[in-house]
Number of protein chains: 2
Amino acid sequence: MDLSPSYLVGHPPLRITDAAPIPDADTGYYPHARMRLLPASGAWREGDDPGDRRFVHLGTQVLESGDSLDVTVAYETWGELNEDRSNAILLCHALTGDSHVRSEDGTEGWWPGIVGPGRAIDTDRYFVVVPNVLGGCQGTTGPASRHPDGKPWARRFPRLTVRDQVHTEKALMDHLGVPYWHLVAGASAGGHRVMEWPATYPDHVEQFAVLVSAPETTAEQIAYAHQQILAIKLDPAWRGGDYYDAPAGNGPHAGLGLARAIAHTTYRCPTELDTRFDRTPQEGEDPMAGGRFSVQSYLDYHGYKLAARFDANSYLTLTETMLTHSIGRGRGGVDRVLSEMTARALVVAVDTDRLFHPADQARLAEALPGCEGLVTIHSDHGHDGFLVENDQVTDLLSGFLQGESPRAVS
Amino acid sequence: MDLSPSYLVGHPPLRITDAAPIPDADTGYYPHARMRLLPASGAWREGDDPGDRRFVHLGTQVLESGDSLDVTVAYETWGELNEDRSNAILLCHALTGDSHVRSEDGTEGWWPGIVGPGRAIDTDRYFVVVPNVLGGCQGTTGPASRHPDGKPWARRFPRLTVRDQVHTEKALMDHLGVPYWHLVAGASAGGHRVMEWPATYPDHVEQFAVLVSAPETTAEQIAYAHQQILAIKLDPAWRGGDYYDAPAGNGPHAGLGLARAIAHTTYRCPTELDTRFDRTPQEGEDPMAGGRFSVQSYLDYHGYKLAARFDANSYLTLTETMLTHSIGRGRGGVDRVLSEMTARALVVAVDTDRLFHPADQARLAEALPGCEGLVTIHSDHGHDGFLVENDQVTDLLSGFLQGESPRAVS
């Protein structure tokens, strides 16, 4: 069963049969032999191939919690900063993304169809900067990084906020000699940072584009995040966060995988699940005899894929930043902050998004003085529509960068 | 913070502060000291107070899997069977319900406002039968019951289907001398059995009322069920299902609690969560320092409450019956079965239900020859509206039993 339809452009093909099951209903939770080959953490570590990453040591950062942290950032850039330094764009990746928004040839990355020569975010024209987020696991300082004692931070890693992450990005901006961002853009958890940027550094953001995101987290989103945190901590292989020295296959993959399954269900929408999977049994399995339906295998496979490339403690740290996310905290509330946010703004919803509800985004667009109104992407794929609907996202972003009214390109 | 508003009629008061937290972020998952007082399983066991339960040993039942099972059913009844035996009503409880639909004085039970003297299901007029479901844990044979070897069945318990559960209910019907049900009614997972009854025993069902349920499970519902199964199996205290001899506090409470948190989020709706909880911190906790928001405490508390009264293996067994639920299996498909289901039918949706979507229920109502059209309950509480909106449910059921057109009472 090959589930690599054309709308998954930008994702590696999803071949569910790769996740060949080993029925193991009674003794183990995760019917996936390959899980046992995974290292305990999917974090990038010193000594691993850096790929296209560059690194900058930014020094000590005082966090919102009062703790200090020695910060290194991994980032990638495309294009060149122009002479008057007016063409820099910051892209903020989502929860489990990283700096690799596109490869040189555009075949890989999380937004390759959107970023590149001649693309909506035209790297022939703009200097595009994509850092791995603070607390992440792909080169920027996070729980898998070394504590001064030489061992991983693990759960000693300080509590972070979205503001801390934006302060780090500001330090990177200064390092790169960029005086302000022509555009700050991002989706989902990346949109949290997009919203914090003009709230924290209004003089350094000319325009911002926030896709399927919000100025603060809702109770429902907190509920989903809570479940995911519980899932990771429930895994005995999490070991209170100290799993980095565990042998292959003994990391908290099952807990991280369950967290992903919970999250992934919120990223898609019911009609898609019913249309793609309906009640089809997974190939070679019989649900009447304890086998899985294909939608179960699909969720298991997404869990596996994430466990192969991510770190469970990073997932906790970043999910915790989502819990506390509110641009209004200590600033008189969200409404007040939004009313003072005058930069030109693009707010984008996906009509089938059940995690960031379009109605909430309509209110956000309404509240932003610099926004001409909500723009809605039509998608059968829910929240993940921002990754799937390349043509619509291209039209929206290129139109916005060319100064068109957002409504006109909807 | 007392969260026991009037719309929680029929539920014990929700006093979130009862779930006093013990911050335990690094070493444990469940910040709830009282969890450590809970027995390993919340199942009713021989020797426990039977309350109003009666028991009948129905003997050996051959299951859809081909396995045989020696079955005892716990049930409660209200009212008397009339002379021509025409007034019997079967109520099918939902996933974690039981036979206790109401207490003598109507102060307890899962549907006390609906069942009783002078109520919609009038026990002065009808003989009301409510069995605990096969595979449950409140007196009917289930995984916590004794295997012939004297130890609990645990995960040796055979795989069940909704049809097996209905066959058990038919055997109970025969035992009680009831020739047919004047009405079979139930909601949610109870509605699965309601749908199976006229499909399996069309001559024994005069009318049926199915609330917020479906003739087969959707891919999305399978996804949610899958997450809940994974959560329980991930808990090291689940021990492959063999936890019945564990000391108090060492049962799979955390896994069952997480399963409940996942499920409970699907039972409510986003506007309710945002209205009730918004971003309020839990009393005495500071989310900026690792404490919880009140919605997190709310989910923890529901997990705790379920762990106190339920059995994790039963939860797995019953959730697995939901995965395979389809009245069309082996019968030429759901559409065909529905088209032949001529009994008078009431189909009820809740407008904010995100687990059983109203659109799916509109299709069900349309497909049933004996249904005059979907009736929709208006509720701010999502799927659980069937437990909350007593006035509307009363009107619907009493109208239906009096022969009124369902549209008229909507």
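Predicted, not measured: the structure shown is a model, and the values here were computed from it. (Residues numbered from 1 in each chain as written. Chains lettered and ligands numbered in written order. Predicted model: local features only at pLDDT ≥ 70, side-chain atom pairs only at ≥ 80, totals over all residues. Heavy atoms only, no water.)

### What about the pattern of salt bridges?
When charged atoms on two side chains of opposite charge get close, those side chains can pair. Spelled out, the test is: We define a salt bridge as a contact between a side-chain nitrogen of Lys or Arg and a carboxyl oxygen of Asp or Glu at a distance within 4 Å. Only DSSP runs of H or I with at least four residues qualify as helices, and only runs of E with at least two residues qualify as strands; both kinds are numbered from the N terminus onward. We call a residue buried when its accessible area falls under 20% of the maximum for its residue type, exposed when it is over 50%, and partly exposed in between, using a 1.4 Å probe and counting protein chains only.
Applying the stated criterion across every chain, the model contains 40 salt bridges over all chains. In this structure, Glu216 of chain A engages Arg279 of chain B in a salt bridge whose closest nitrogen and oxygen atoms are separated by 3.6 Å. Here Arg279 of chain B lies in the loop between α5 (270-276) and α6 (294-309) and Glu216 of chain A lies in the loop between β8 (207-211) and α3 (219-234), a pairing that spans two chains. The class for Glu216 of chain A is partly exposed, based on a relative accessible area of 26%. A salt bridge links Glu272 of chain A to Arg268 of chain A; the shortest N-O distance between them is 2.8 Å. An identical accessibility class is assigned to Glu272 of chain A and Arg268 of chain A; each is buried. Taken together, the shared-partner salt bridges in this structure form one network comprising Glu64, Arg163, Glu196, Arg329 and Arg331 of chain A.

### Section: helix α4 (residues 253-267) of chain B
To be explicit about the condition: To estimate how far a helix should reach, multiply one less than its number of residues by 1.5 Å.
Look at α4 of chain B: 20 Å from first C-alpha to last across 15 residues, which is about the 21 Å you get at 1.5 Å a residue. Counting buried positions along α4 of chain B yields 15 of 15 residues, so the element is predominantly enclosed.

### Considerations on the interface of chain A and chain B
Reports of interface size often rely on the accessible area that becomes lost once the parts have come together. For clarity, the threshold we go by: Should any heavy atoms of two residues lie within 4.5 Å, those residues are counted as being in contact. As used here, buried area is the combined drop in accessible area, with a 1.4 Å probe, of two parts when they are placed together. Throughout, the ten residues Ala, Val, Leu, Ile, Met, Phe, Trp, Tyr, Cys and Pro are labelled nonpolar, Asp, Glu, Lys and Arg are labelled charged, and all others, Gly among them, are labelled polar.
Contact residues are listed per partner, giving 53 residues for chain A and 53 residues for chain B. A buried area of about 4,600 Å², summed over both sides, lies between chain A and chain B, and 66% of it is on carbon and sulfur atoms. Contact with chain B buries area across many residues of chain A, yet Leu234, Arg279 and Met288 of chain A alone supply 16% of it, more than any other trio. Across the contact surface, chain A and chain B share four salt bridges. Looking at the side of chain A that touches chain B, the element that brings in the most residues is α3 of chain A, giving eleven residues. Taken together, the residues of the side of chain A that touches chain B break down into 25 nonpolar, 14 polar and 14 charged.

### Topic: the UniProt feature "binding site: substrate" (unreviewed entry) in chain A
Residue and element names in this part refer to chain A. As a reminder, the rule being used: UniProt positions are given in the numbering used here, feature names are shortened, and annotations may be inferred rather than shown by experiment. Under this definition, polar contacts are N or O atom pairs within 3.5 Å; protein pairs additionally need one hydrogen-donor-capable and one acceptor-capable atom, and for neighbouring residues in sequence, both atoms have to be side-chain atoms.
UniProt marks Arg260 and Asp384 with the feature "binding site: substrate" (unreviewed entry), using the numbering shown here. Spatially, the listed residues are clustered: although they cover 125 residues, their C-alpha atoms lie within 13.6 Å of one another. Take Arg260: it is sitting in helix α4 (residues 253-267). A polar atom in the side chain of Arg260 sits 3.4 Å from the side chain of Thr96. Secondary-structure assignment places Asp384 in the loop between β10 (375-377) and α10 (385-388). Classification of Asp384 as buried rests on a relative accessible area of 7%. Among all residues touching Asp384, those that are not within four sequence positions of it are His264, Tyr267 and Arg268.

### A few points about the nonpolar core
Note the threshold: Throughout this description, the term nonpolar core refers to a set of buried Ala, Val, Leu, Ile, Met, Phe, Trp, Tyr and Cys residues connected via side-chain atoms within 4.5 Å.
Counting residues in each nonpolar core, the largest one holds 104 residues, and the members touching the most others are Tyr315 of chain A together with Tyr315 of chain B. At the level of elements, α3, α4, α6 (294-309) and α7 (312-324) of chain A together with α3 (219-234), α4, α6 and α7 (312-324) of chain B are the ones that each hand at least two residues to this core. Each residue touching Tyr315 of chain A, except ones within four places of it in the same chain, is listed here: Leu95, Thr96, Gln228, Ile232, Leu256, Ala259, Arg260, Ala263, Leu306 and Phe310 of chain A. Residues Met173, Val205, Val337 and Leu364 of chain A belong to the second largest nonpolar core, which totals 42 residues.

### Overview of the domain arrangement of chain A
Residues and elements named next belong to chain A. Counted only if it meets this: An automatic or database domain assignment provides the domain bounds reported here.
Per the domain assignment, the segments of chain A are domain 1 (6-43 + 220-322) and domain 2 (54-217 + 330-409). Between the C-alpha centres of domain 1 and domain 2 there is a distance of 26 Å. Between domain 1 and domain 2, the residue contacts involve 40 residues of the former and 38 residues of the latter. The junction of domain 1 with domain 2 conceals about 3,300 Å² of combined surface from both sides, 56% of it contributed by carbon and sulfur atoms. Looking only at domain 1, the three residues that lose the most surface to domain 2 are Gln221, Tyr267 and Met322, adding up to 21% of its buried area.

### Focus on the side chain of His264 of chain B
All names here are of chain B. Positionally, His264 belongs in helix α4. A residue is classified by how much of its surface remains accessible, and His264, at 3% relative accessible area, is buried. For His264, the residues in contact, after removing those within four places along its chain, are Tyr298, Leu299, His302 and Asp384.

### Section: the packing of α4 of chain A against α6 of chain A
All names here are of chain A. This is how it is decided: What counts as an axis is a line fitted to C-alpha atoms, over the stretch in contact for a helix, and the angles between N-to-C directions run from 0 to 180 degrees. Any angle that is under 35 degrees is reported as roughly parallel, and any over 145 degrees as roughly antiparallel; angles of 65 to 115 degrees are reported as roughly perpendicular and all others as oblique. Each helix crossing is assigned a hand: it is left-handed if the near helix lies turned anticlockwise from the far helix by less than a right angle, otherwise right-handed if that turn is clockwise.
Axis separation between α4 and α6 bottoms out at 8 Å; the angle between their running directions is 125°. When the axis of α4 is compared with that of α6, the two are oblique. Read as a crossing pair, α4 and α6 show a hand that is right-handed. Here His253, Leu256, Gly257, Arg260, Ala261, His264 and Thr265 of α4 come into contact with α6, specifically with Tyr298, Leu299, His302, Gly303, Leu306, Ala307 and Arg309. A breakdown of the residues in the contact of α4 with α6 according to their chemical character gives six nonpolar, six polar and two charged.

### With respect to the sheet that holds strand β1 (residues 54-62) of chain B
All names here are of chain B. As a reminder, the rule being used: Two strands are said to pair when DSSP picks up at least two bridges between them.
If you walk across this open sheet you meet the eight strands as β1-β2-β6-β3-β7-β8-β9-β10, and the pairing is mixed. The open sheet is flanked by β1 and β10 (375-377), the only strands paired with a single partner. Taken over all neighbouring pairs, the strand axes of this sheet differ in orientation by 25° on average, direction set aside. For strand β7 (residues 183-187) and strand β8 (residues 207-211), the ladder comprises four bridges, and the chain directions are parallel. Counted as the bridge partner of Gly186 is Val210 from β8. Against the sheet, helix α9 (residues 358-367) engages β8 and β9 (344-350), with an angle of about 170° to β9.

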